[in-house]
Amino acid sequence: MKRLLTAALAAASLLFASPGYSQTPPNVLIVGQIAEPKSLDPAADTAVNDFRILMNMYDGLVRYKDGTLEVEPSLATSWTISDDGKSYTFKLREGVKFHDGSSFDAEAVKFNFDRMLKDDHPYHDTGPFPLSFFFSAVEEVTVVDAMTVKFDLNAPYAPFLSNLAYPTGLIISPKAVMDHGKDVGRNPAGTGAYKFAEWESNAKVVLEKNADYWDGAPALEAVVFRPITDANTRVAEMLAGGLDVMVEVPPDNLTQFRDDARFAVQEQAGPHLWFLILNAKEGPFATKEIRQAANYAINKTALVENILQGTAEVAAGPTPPAFAWAYDESLSPYPYDPEKAKAMLKEAGYDGKELTFYVTEGGSGMLDPTAMGTAIQADLEAVGMKVKIETYEWNTFLGKVNPGLEGKADMAEMAWMTNDPDTLPFLALRTEAWPDKGGFNSGYYSNPKVDELLEKARQSTDQAERAKLYKDMQQIVYEDAPWVFVANWKQNAVMSAAVKDFKLQPSFFLMLHKVSKP
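Read on for an overview of the structure. From a predicted model like this one, the values you see are computed outputs, not experimental measurements. (Residues numbered from 1 in each chain as written. Predicted model: local features only at pLDDT ≥ 70, side-chain atom pairs only at ≥ 80, totals over all residues. Heavy atoms only, no water.)

### Let's talk about the side chain of Asp114
Positionally, Asp114 belongs in helix α3 (residues 106–117). The exposure class assigned to Asp114 is buried, which follows from its relative accessible area of 8%. In terms of polar contacts, Asp114 uses its side chain to reach the side chain of Lys110, at 2.8 Å. Beyond its immediate stretch of four places on either side in the chain, Asp114 contacts His121 and Val141. (Helix = DSSP H or I, 4+ residues; strand = E, 2+ residues; numbered from the N terminus. Buried < 20%, exposed > 50% of the residue type's maximum accessible area, 1.4 Å probe, protein only. Polar contact = N/O pair within 3.5 Å; in protein donor to acceptor, adjacent residues only side chain to side chain. Contact = heavy atoms within 4.5 Å.)

Below, the structure written as structure tokens:
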């Protein structure tokens, strides 16, 4: 097998060196990524681009069921939750080995979470761990016996299982951390379907088949992730046969791939929301009727159809429909009704004050923000709201928006992709999530009933009860309109016709265990 992999990767290397070569090696999948990964340490990563690699190298205690955002067993075979919702006890899968040969057990689980959460852990300095707040409710991880581990939380926290399925909850080999310290992100070892083989900076990350994978060996011998930051170059590589799979295809190119029998295109709505944060603390948007008027004034259908070219759907509220169990299907998007918007502005006493609108040049999940910002400006001005756009590079933009809009702007573009219906509203709609309290509620929305519903929802371990609480929240937020709800992005990917059993997941991850390419 080693000889076969070496031959396949040698062929792949020739392919990269020769743009004229038009066929990728058999049993090796070449994936075009949008960027170079930052790290292959799951506790240290924050980007979906990196997650798409990690999910094929590592397992968590639980994982998302194929095609859904519901959790199912993975490295844990079962679990129990205490009556007060504060203790989770997991039975672990027997006989699993990390790729470096060390054993997976309860001590390994405790090591992973203590490393991330305890400042005094001997390997805490191998961080930073920017998403460790997903597990901030964890007070203690206890080894009950070799194959049983218990998590004690400081309060009931219903999203806990979903967060364990997220990449931050993936389990890395303690031996790899001990051997490589801060460089473990370049020398990773998990338990997943594929093993790390090679990372050539700005060229490729190579994973090879884990023939001993506990859930069955993958069909592919190897997967090669190639970072190609320029979208036009990725498209050209795909058309030339240098890639087997390409993600985040620009809308302009989707039709071209659809019309070519050499390719197949997949699209799927994911847990994504593109919205406008409105400054509800001061200025015109402190008045609910003016916020509602903005929702009526903006032609979201035109944005989705003309600028995003059908790669998104119009959003109806703060919760993406991908969270099917928690999504309120009774909500309809605010219709485009400029005459109603004008009437509402007049009745609310809008004084014609110029609005400052923060727009970003790009960013994760932001789609086509400059063009969308310009179209939104035109729609608002058509109903009498003068808008001044200020455009910033992504990180500069976040530096202005995340601390809050007070004294600076009336509205700002934003997009979130999350793994649980709790995450976005809890971090961005609660009163306790105002920026001065450490949250992302940059528009200072506050409604005590919404606060109460969100607190109850994360404490309930009954999914039916959680669903009702989230749906009640959506009704109130829809009416209060602290945001303009614009779009839910449909992720896309194009693949060569030779690729079999590839499927997009609502999590936005790439799960390649079952994929083949004879």
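### Some points on the packing of aromatic side chains
One pass over the full model with this rule turns up 25 aromatic pairs. Judged by centre distance (5.3 Å) and plane angle (50°), the rings of Tyr213 and Trp214 are tilted. A relative accessible area of 8% means that Tyr213 is categorised as buried. On the basis of an interplanar angle of 80° and a centroid distance of 5.6 Å, the ring pair of Trp416 and Phe440 is categorised as edge-to-face. With Trp416 in strand β17 (residues 411–417) and Phe440 in the loop between α13 (423–428) and α14 (448–459), this pair connects stretches of sequence that are 24 residues apart. Among the aromatic residues, ring-to-ring pairing joins Trp79, Tyr88, Phe90, Phe113, Phe135, Phe151 and Phe160 into one connected group. (Phe/Tyr/Trp six-rings, centres within 6.5 Å; stacked < 30°, edge-to-face > 60°.)

### What to know about the pattern of salt bridges
Considering all chains together, one arrives at 31 salt bridges under this definition. Lys65 is the salt-bridge partner of Glu70, the closest N and O atoms lying 3.8 Å from each other. For Glu70, a relative accessible area of 38% puts it in the partly exposed group. Here Lys65 falls in the partly exposed class, since its relative accessible area comes to 35%. One salt bridge in this structure joins Glu390 and Lys388, with 3.6 Å as the shortest N-O distance. The exposure class assigned to Glu390 is partly exposed, which follows from its relative accessible area of 22%. On the basis of relative accessibility, which here comes to 36%, the residue Lys388 falls in the partly exposed class. (Salt bridge = Lys/Arg side-chain N within 4 Å of Asp/Glu carboxyl O.)

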